[in-house]
Amino acid sequence: MTNISLNLLAAVPATPVWSINVALIMITANVFALVVARYGIKVKGVGPSLPVALPGLFSGFGLPELLAVTSFGHVLGAGLILGLAQAGLL
């Protein structure tokens, strides 16, 4: 391995420590993903339904939709948290 590749391996971004700000960003990202999915998913309820009754915002969502939306929200939130931490805003 060359010096350049060793330097690239050593360039690890600083990850923020958990705080209320990190939690609020993750919650906001998941709510945003839920709102986008609420109006973006055209065919809802295909597949297994959720085992419990949920509020009206989740009406029509099955298990696949809920897993997809929360997965997207967590990816979006992780990107926001890492990006804001790297920019020094978090």
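Residues numbered from 1 in each chain as written. Predicted model: local features only at pLDDT ≥ 70, side-chain atom pairs only at ≥ 80, totals over all residues. Heavy atoms only, no water.

An unreviewed UniProt entry lists the chain under the name Photosystem I reaction center subunit PsaK, with Pseudanabaena mucicola FACHB-723 given as the organism.

*Asks:* Help me understand helix 3 (residues 63-86), please; the structure alone is not making it clear to me.
*Replies:* Side chains of residues three or four places apart in an α-helix project in the same direction, reflecting 3.6 residues per turn. The first and last C-alpha atoms of helix 3 sit 34 Å apart over 24 residues, in line with the 34 Å expected at 1.5 Å per residue. Turning to helix 3, its buried residues are E65, V69, G73, G77, I81 and A85. Looking at the buried positions of helix 3, the neighbouring elements they touch are helix 2 (20-40). G88 occupies a position one or two residues after helix 3 and carries a positive phi of about 85 degrees. (Helix = DSSP H or I, 4+ residues; strand = E, 2+ residues; numbered from the N terminus. Expected span 1.5 Å × (residues − 1). Buried < 20%, exposed > 50% of the residue type's maximum accessible area, 1.4 Å probe, protein only. Contact = heavy atoms within 4.5 Å.)

*Asks:* How should I be thinking about the UniProt feature "transmembrane region" (unreviewed entry) in the chain in this particular structure?
*Replies:* The sites that carry the UniProt feature "transmembrane region" (unreviewed entry) are, in the present numbering, residues 20-41. Along residues 20-41 one finds 95% helix and 0% strand; the C-alpha atoms at either end are 31 Å apart. (UniProt positions renumbered as here; feature names shortened; annotations may be inferred.)

*Asks:* I tried to follow the side chain of N30 on my own but got confused; where do I start?
*Replies:* Relative to the elements of secondary structure, N30 occurs in helix 2. If we ignore the near neighbours within four places in the chain, the residues touching N30 are T70, G73 and H74.

*Asks:* Before we go on, may I ask you to explain helix 2 in this structure?
*Replies:* Taking 1.5 Å per residue as the helical rise, helix 2 with its 21 residues ought to reach 30 Å, and the 30 Å between its terminal C-alpha atoms agrees with that figure. Listed in full, the buried residues belonging to helix 2 are V22, A23, I25, M26, A29, N30, A33, L34 and A37. Structurally, helix 2 contributes buried residues whose contacts are with helix 3.

*Asks:* I would appreciate a short explanation of the environment of G60 in the present structure.
*Replies:* Relative to the assigned elements, G60 resides in the loop between helix 2 and helix 3. The partly exposed category is assigned to G60, whose relative accessible area is 42%. For the pair G60 and R38, spaced 22 residues apart in sequence, the C-alpha separation works out to 9.2 Å.

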